[in-house]
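For reference, the chains in residue letters:
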Amino acid sequence: MNMLPEQLQTYLGPDAQHALVIGEEGLQFNNTPLTVNTLGDTTHTNQAYFQQVMQRTVQPLTTYRPADDTLVIELAAEVVVEQPLHVIYVHHEAVFRRHVLFVAQPFSEAKIIEHHIIADAHQPMLIEQTLEVIVRDEAKLEYASFDAFAEMAQLQMSRFGIVERSATLTWSLGSFSSGDTQTENITQLVGAGATCQSTLMTIGMGEQKQTHLVRIDQLAPYTSGVITNHGVMRERSQGNFDGIGFIEKGAHQANAQQESRFMVLDDQAKATTNPILLIDEYDVTAGHAASVGRVDEETLYYLQSRGLSNHEANALVTLGFLMPLIETVSDERLREKLLHVIETKVSQHV
Amino acid sequence: MEQVPVSEDYKFGFNDGDIGILKLDKGLNEAIVREISRIKEEPEWMTEFRVKAYHHFVNTPMQNWGADLSHLDFESIRYYVKPSERAEHSWEDVPTEIKDTFEKLGIPEAEQKFLAGVSTQYESEVVYHSIHKELEDKGVIFLDTDSALREHPDLFKKYFAKLIPYTDNKFSALNTAVWSGGSFIYVPKGVKLDQPLQSYFRINSENMGQFERTLIIVDEGADVHYVEGCTAPTYSTDSLHSAVVEIYVEKGGRCRYTTIQNWSNNVYNLVTKRALCEEAASMEWIDGNIGSKVTMKYPAVVLKGDYSKGTTISIAVASAGQHQDAGAKMIHLGRNTASTIISKSIARNGGNVTYRGLVEHGAKAIGAKSNIECDTIIMDEISKSDTIPFNKIKNGLSTLEHEAKVSKVSEEQLFYLMSRGLSEEKATEMIVMGFIEPFARELPMEYAVELNQLMKMEMEGSIG
């Protein structure tokens with residue numbers, strides 16, 4: 001067991017018990033139940049999952065290019081971890097493509113928190129990361145990832161999930177970087193009773209373009225797919241949510257729900273939301289709600305009458321708008337951190 | 001479990017034989033386009049315009065989105081049929097055979113007195129056309145589009161194909177090349193019509209396309225309600241209906257356009273409908289799509305003037321072999337513009353129903369508001385439904401709300417109604433009628449009754 005560098009220890013806080021660092025110096029483990037292999041060294045079962053969702057997905061937003069590095073991270077069967085597991089990526093190179101296959105074996109339970117750290121924030125960077133998460137029978141996995149990079153970094157995140165029988169996958173995603181961001185998140189519920197809940201929040205500023213696609217394919221009966229996207233667009237930023245809920249024929253008693261909302265704070269900001277439902281089965285419940293709107297004038301007036309400046313009032317309303325999503329994050333320390341990131345972001349002037 | 005209900009046959013099971021007098025060969029080429037224009041004795045500019053549109057049609061590829069149009073064979077369609085030499089003006093002159101069909105459709109002769117004006121399109125040309133004297137006195141022009149080109153050339157040329165140019169899409173090009181019939185309405189400043197203007201459209205000849213062109217101009221402060229009803233007898237080979245409807249609503253005007261489309265299950269119904277609203281004008285599309293094999297229809301409102309308002313209330317019912325791909329478009333350009341879309345879809349007996357819509361708030365559409373609601377009921381295990389809305393907001397001062405639900409007939413509601421002594425069939429019918437009520441209540445009374453009958457026939461046999 002390696003010890004973490006002091007810098008990272010401070011970053012994660014004194015309570016962090018389990019961490020895995022993936023960086024230039026290779027892998028560093030700190031009391032983690034995860035095993036890491038290259039694709040060639042892992043089991044055949046795991047290898048069979050590699051690129052499975054990506055190949056079945058009809059139209060990936062970004063064309064897949066071979067990765068510079070492929071890793072298989074595995075959580076062994078029946079391992080239940082109470083404390084969050086930190087997976088930390090340290091980025092050094094200007095252009096980097098990584099492919100990660102994460103397998104949660106049957107009956108395992110864990111909360112994963114993904115971190116991205118840029119070694120040199122003043123260098124232009126293109127980060128392309130492809131993540132495949134496999135949640136096998138009866139396993140429960142929470143996967144949280146929040147990025148808050150400086151303007152120099154360009155992000156392209158592709159996340160895929162396969163959820164098997166009675167397993168649960170929860171995505172908590174936040175996109176708070178200052179550069180252009182494009183993400184896709186496609187989950188397939190392949191086993192009966194599989195559940196996926198995806199929440200995504202974002203704040204757009206400056207001239208930034210934010211494009212996010214979230215898709216849940218429900219291919220088995222009794223599955224539930226819930227998509228929640230909330231975005232706040234400031235200044236001249238542009239935001240786009242594409243949400244797709246697909247229920248295949250035979251996936252009876254499936255439930256697909258979707259909520260995509262944008263709050264637009266400035267006159268020049270733009271927002272597009274396309275909530276799409278594709279339903280091939282009749283015994284289902286499905287619904288979506290979408291809205292784009294500005295801050296309620298009355299609320300702003302009320303807050304200002306209580307002594308807040310216009311800017312503070314806007315910041316408070318923004319926070320309130322994102323709060324329901326922040327509350328879905330189960331780890332308290334991460335919630336606090338998130339609140340801090342959002343508060344910094346909304347109080348910024350460009 | 002499902003059997004073809006008897007009502008499917010009954011619904012459109014009458015056919016008056018072929019009464020067309022003049023027919024052109026099947027298929028389309030430049031000579032046919034010129035021939036159509038020659039028969040109609042059109043001015044030079046229209047002939048050339050048709051030819052230009054024809055070439056654009058030929059050079060435009062078929063769109064690759066939406067419903068499947070691969071079985072549509074343009075060469076097997078007859079593009080022009082003229083049933084009688086001139087448009088009839090009095091009911092007595094109308095051929096008995098045509099009257100018989102109206103009888104079956106349930107339009108009694110006495111209805112004339114009730115209706116403000118009837119322009120009945122039977123095959124491509126208008127054969128019966130009556131305008132109430134009151135309308136003429138008010139200066140309202142209500143003609144078939146061919147007569148309007150002859151009698152009001154300046155007004156016609158000013159508005160024709162300005163809102164929907166032939167370059168808009170493949171089918172607007174086709175319509176511009178071979179258009180025939182349709183209604184032309186001009187309502188002068190400040191004239192408000194209490195009675196709706198109505199027109200019945202019918203396709204009766206086998207393989208005959210119907211390409212009517214409707215142009216409505218509502219001048220400042222005027223108010224008109226136009227009702228278009230479509231029914232067609234059953235035929236076994238594919239038929240095409242490709243209409244273009246252009247509506248201009250000037251400052252403070254209001255136009256309501258009601259359609260109950262009930263083509264037989266072999267008709268491709270590909271319609272381009274668009275309205276332009278000036279300041280404080282209001283446009284309402286009331287759109288029912290029940291029949292046809294494939295429908296692709298997205299009534300649009302361009303909200304150009306400040307404080308203008310657009311509304312689309314629609315239902316789509318897709319049964320066996322049908323694909324209803326319908327929706328609405330709202331383009332907000334002016335300030336404080338408002339739009340509402342209510343769409344109700346029903347898929348049954350293996351039908352496929354798609355809501356496809358676009359709401360766009362332009363950069364200058366400050367204070368624009370939109371409300372979109374699209375609900376779907378999937379009645380059985382072999383039917384399906386897609387909901388594909390696009391919402392684009394290009395300024396930070398407008399508001400949009402969108403909601404949609406897809407479900408089957410609620411078992412709780414069914415259980416409750418059956419516990420009160422209703423049969424499953426009756427209970428299902430009640431739930432469905434309740435579901436489409438927001439649409440039905442917008443219809444004129446006699447149309448609401450007709451819709452009720454139609455829906456009841458549609459629903460028969462839907463309980464296994």
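Caption draft 1: Local environment of the overall build of chain A. Per the secondary structure count, chain A includes six helices and 19 strands. A globule of 350 residues ought to have a C-alpha radius of gyration of about 20 Å, and chain A, at 20 Å, matches this closely. Dimensions along the principal axes, computed over C-alpha positions, put chain A at roughly 60 × 55 × 35 Å. For chain A, buried positions account for 57% of its 350 residues.

Caption draft 2: Spotlight on the overall build of chain B. Across its full length, chain B holds 13 helices and 24 strands. Among the 464 residues that make up chain B, the fraction classed as buried is 63%.

Caption draft 3: The pattern of salt bridges, seen in detail. Residue and element names in this part refer to chain A. Across all of its chains, the model carries 34 salt bridges over all chains by this definition. Among the ionic pairs, Glu 164 bridges to Arg 136, the shortest N-O distance being 3.7 Å. Linking Glu 164 in the loop between strand E10 (153–163) and strand E11 (168–175) with Arg 136 in the loop between strand E8 (125–135) and strand E9 (140–147), this pair joins segments that are 28 residues apart in sequence. Taken as a pair, Glu 164 and Arg 136 share a single burial class, namely buried.

Caption draft 4: How the structure looks around the packing of helix H10 (residues 411–419) of chain B against helix H11 (residues 424–435) of chain B. Residue and element names in this part refer to chain B. At a minimum axis distance of 9 Å, the contact between H10 and H11 shows a crossing angle of 125°. Viewed along their axes, H10 and H11 adopt a mutual orientation that is oblique. When the axes of H10 and H11 are compared, the crossing they make is right-handed. Within the contact between the two elements, H10 uses Gln 413, Leu 414, Leu 417 and Met 418 and H11 uses Glu 424, Ala 427, Thr 428, Met 430 and Ile 431. In terms of residue class, the contact of H10 with H11 is built from six nonpolar, two polar and one charged.

Caption draft 5: Main features of the nonpolar core. The biggest cluster of nonpolar side chains holds 76 residues, and the ones touching the most others in it are A:Ile73, A:Phe102, A:Val133, A:Leu141, B:Ile216, B:Ile247 and B:Met283. The contact partners of A:Phe102, leaving out residues within four places of it in the chain, are A:Leu34, A:Ile73, A:Ile112, A:Leu131, A:Glu132, A:Val133, A:Ile134, A:Leu141 and A:Tyr143. Counting 48 residues, the second-largest nonpolar core is a separate cluster that includes B:Val178, B:Trp179, B:Leu215 and B:Met296.

Caption draft 6: The arrangement of the interface of chain B and chain A in detail. Listed as interface residues are 32 residues of chain B and, on the opposing side, 32 residues of chain A. Taken together, both faces of the contact between chain B and chain A bury some 2,500 Å²; the carbon and sulfur share is 52%. In this assembly, chain B and chain A are joined by two salt bridges. Between B:Lys408 and A:Asp283 there is a salt bridge whose closest N-O contact spans 2.8 Å. The set of elements that each furnish at least two residues to the side of chain B that touches chain A consists of strand E23 (384–393) and strand E24 (399–407) of chain B. The greatest single-element share of the side of chain B that touches chain A, amounting to ten residues, is contributed by E23(B). Residue composition of the side of chain B that touches chain A, by class: eleven nonpolar, eleven polar and ten charged.

Caption draft 7: Region of the structure containing the side chain of A:Asn314. All names here are of chain A. You can see Asn 314 is positioned in helix H5 (residues 310–326). Since its relative accessible area comes to 15%, Asn 314 is described here as buried. In this structure, Asn 314 is in contact with Leu 265, Val 295 and Leu 300, ignoring residues within four places of it in sequence.

Caption draft 8: Region of interest: the confidence of the model for chain B. Residues and elements named next belong to chain B. Confidence in the prediction for chain B averages 80 pLDDT; 77% of positions are at 70 or higher. For residues 108–129, every residue scores under 50 in pLDDT, and the model assigns this stretch 94 contacts once sequence neighbours within four places are set aside. Confidence drops under pLDDT 50 across residues 201–208; counting only partners more than four residues distant or on other chains, this segment forms 57 contacts. Of the two predicted TM-score estimates for the complex, the pTM is 0.78 and the ipTM is 0.70.

Caption draft 9: Quick look at the packing of aromatic side chains. Residue and element names in this part refer to chain B. Scanning all chains against the criterion turns up 20 aromatic pairs over all chains. Relative to Phe 156, the ring of Trp 45 has its centre 6.5 Å away and its plane inclined at 55°; by these criteria the two rings are tilted. Placement of the pair is Trp 45 in helix H3 (residues 44–59) and Phe 156 in helix H8 (residues 153–159), with a sequence separation of 111 residues. We classify Phe 156 as buried; its relative accessible area is 0%. When the ring of Phe 142 is compared with that of Tyr 226, the centres are 6.4 Å apart and the planes differ by 85°; the resulting orientation is edge-to-face. A residue pair is termed long-range when its members are at least 10 positions apart, and Phe 142 in strand E5 (residues 141–144) and Tyr 226 in strand E9 (residues 223–231) qualify at 84 residues.

Caption draft 10: Layout of H3(B). Residues and elements named next belong to chain B. With 16 residues, H3 should cover 22 Å at 1.5 Å per step; its first-to-last C-alpha distance of 23 Å lies within 8% of that length. Those residues of H3 not exposed but buried are Met 46, Thr 47, Phe 49, Arg 50, Val 51, Ala 53, Tyr 54 and Phe 57. Where H3 is buried, its residues contact helix H2 (30–39), helix H7 (145–151), H8 and helix H9 (170–178).

Caption draft 11: Spatial organisation of the pairing of strand E20 (residues 338–347) of chain B. Residue and element names in this part refer to chain B. Of all ten residues in E20, eight are buried; the element is thus mostly enclosed. Strand direction decides the pairing type here: strand E17 (residues 309–318) and E20, joined by ten bridges, are parallel. In the sheet register, Thr 312 faces E20, and the bridge partner there is Ile 341. Summarising the sheet, E20 and strand E22 (residues 369–378) pair through ten bridges and their orientation is parallel. Following the sheet pairing, Ile 341 is matched in E22 by Ile 372.

Caption draft 12: Molecular detail of the environment of A:Leu126. All names here are of chain A. Here Leu 126 shows up in strand E8. Along the backbone, Leu 126 and Leu 325 are 199 residues apart, and their C-alpha atoms lie at a distance of 28 Å. In this structure, Leu 126 is in contact with Ala 94, Val 95, Phe 96 and Gln 154, ignoring residues within four places of it in sequence.

Caption draft 13: Representation of the environment of B:Phe74 within the structure. Note on placement: B:Phe74 falls in the loop between H3 and strand E2 (81–82). Relative accessible area serves as the criterion here: at 15%, B:Phe74 is assigned to the buried category.

Caption draft 14: Structural detail: the environment of B:Arg34. All names here are of chain B. Within the secondary structure, Arg 34 is located in helix H2. A sequence separation of 17 residues divides Arg 34 from Val 51, and the C-alpha atoms of the two residues are 7.2 Å apart. If we skip the residues at most four places from it in the chain, Arg 34 touches Thr 47, Glu 48 and Val 51.

The rules behind each value
- Residues numbered from 1 in each chain as written.
- Chains lettered and ligands numbered in written order.
- Predicted model: local features only at pLDDT ≥ 70, side-chain atom pairs only at ≥ 80, totals over all residues.
- Heavy atoms only, no water.
- Helix = DSSP H or I, 4+ residues; strand = E, 2+ residues; numbered from the N terminus.
- Rg over C-alpha atoms; globule rule 2.2 N^0.38 Å.
- Buried < 20%, exposed > 50% of the residue type's maximum accessible area, 1.4 Å probe, protein only.
- Salt bridge = Lys/Arg side-chain N within 4 Å of Asp/Glu carboxyl O.
- Axes fitted to C-alpha atoms, helices over the stretch in contact; angles between N-to-C directions.
- Parallel < 35°, antiparallel > 145°, perpendicular 65-115°, else oblique.
- Left-handed = near helix turned anticlockwise from the far one by under 90°.
- Contact = heavy atoms within 4.5 Å.
- Nonpolar A, V, L, I, M, F, W, Y, C, P; charged D, E, K, R; others polar.
- Core = buried A, V, L, I, M, F, W, Y, C linked by side-chain atoms within 4.5 Å.
- Buried area = accessible area lost by both parts, 1.4 Å probe.
- pLDDT = per-residue confidence, 0-100.
- Phe/Tyr/Trp six-rings, centres within 6.5 Å; stacked < 30°, edge-to-face > 60°.
- Expected span 1.5 Å × (residues − 1).
- Pairing = 2+ DSSP bridges.

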